[in-house]
Amino acid sequence: MINGKVAYVNNNGKILLKTAYTDAGDFHQGLAWILSNGKVGYIDTKGKLVIKPSFEPDYGMDTRAGDFQSNGLAPALLNGKWGFINKKGVWVMKPQFAWVRSISPAGFAVVGVQ
């Protein structure tokens, strides 16, 4: 953290990317989730905001919002329900599940239904 904001460094500890965000995830498929004002959004490897922070953070669930998979989808949380978004932030599966796991290469995801 630098002044309460996260940054990305290389293997030698050199700062490669400073952010204006209080938390952030690893890059997957060229995007990383960020936390801004209590909402989750996404940046690219240059630090450009590509999906506006509008999703809920995941506190304590198995699923970590923001990890895009090779199929180009990521689990996202809205109004207490999980769904999947694409790299443009568009819902591919509307938020309707109690919880989700990432979609497997075979195209299946384990989800919690009520």
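Structure first, text after, so check above.
What counts and how
Residues numbered from 1 in each chain as written. Predicted model: local features only at pLDDT ≥ 70, side-chain atom pairs only at ≥ 80, totals over all residues. Heavy atoms only, no water. Helix = DSSP H or I, 4+ residues; strand = E, 2+ residues; numbered from the N terminus. Rg over C-alpha atoms; globule rule 2.2 N^0.38 Å. Buried < 20%, exposed > 50% of the residue type's maximum accessible area, 1.4 Å probe, protein only. Areas by Shrake-Rupley, 256 points an atom, 1.4 Å probe, with all protein chains shown as cover. Lys, Arg positive; Asp, Glu negative; His and termini not counted. Charge placed at Lys NZ, Arg CZ, Asp CG, Glu CD. Phe/Tyr/Trp six-rings, centres within 6.5 Å; stacked < 30°, edge-to-face > 60°. Pairing = 2+ DSSP bridges. Axes fitted to C-alpha atoms, helices over the stretch in contact; angles between N-to-C directions.

Caption draft 1: Focus on the overall build of the protein chain. Along the protein chain, the regular secondary structure elements total zero helices and 11 strands. Each helix and strand of the protein chain, ordered N terminal to C terminal, gives the series β-β-β-β-β-β-β-β-β-β-β. In terms of overall dimensions, the protein chain is globule-like: its C-alpha atoms have a radius of gyration of 14 Å, near the 13 Å expected for 114 residues. The burial tally for the protein chain puts 37% of its 114 residues in the buried class. Per element, the accessible surface of the protein chain, about 6900 Å² overall, is 51% carbon and sulfur. Considering the protein chain, the positive charge centre built from 13 side chains and the negative charge centre built from 7 side chains are found 9 Å apart.

Caption draft 2: Geometry of the packing of aromatic side chains. By the definition in use, this model includes four aromatic pairs. When the centroid spacing of 5.3 Å and the interplanar angle of 70 degrees are considered together, the rings of Tyr42 and Phe68 count as edge-to-face. Of this pair, Tyr42 sits in strand β5 (residues 39-44) while Phe68 sits in the loop between β6 (49-55) and β7 (74-78); the two residues are 26 residues apart in sequence, bridging distant segments of the chain. Both residues of the pair, Tyr42 and Phe68, belong to the buried class. Each ring, one from Phe55 and one from Trp91, has its centre 5.5 Å from the other, and the planes form 85 degrees; the classification is edge-to-face. Of the two residues, Phe55 is situated in strand β6 and Trp91 in strand β9 (residues 91-97); the sequence distance between them amounts to 36 residues. Site record: aromatic cluster; members linked through ring pairs are Tyr42, Phe55, Phe68 and Trp91.

Caption draft 3: Region of interest: the sheet that holds strand β4 (residues 31-36). Reading across the sheet, the four strands line up as β3-β4-β5-β6 and stay open at both edges, with antiparallel pairing between neighbours. Strands at the two margins of the open sheet, each flanked by one partner only, are β3 (23-24) and β6. Bridge analysis of β3 against β4 gives two bridges, and the strand direction is antiparallel. Paired with Asp23 across the two strands is Leu35, which belongs to β4.

Caption draft 4: Region of interest: the sheet that holds strand β8 (residues 81-85). With antiparallel pairing, three strands are arranged side by side in an open sheet as β7-β8-β9. Two strands bound the open sheet, and with one partner strand each, they are β7 and β9. With direction set aside, neighbouring strand axes in the sheet form an average angle of 25 degrees. Where β8 lies against β9, three bridges are found, and the strand directions are antiparallel. Counterpart to Phe84 in the pairing with β9 is Met93.

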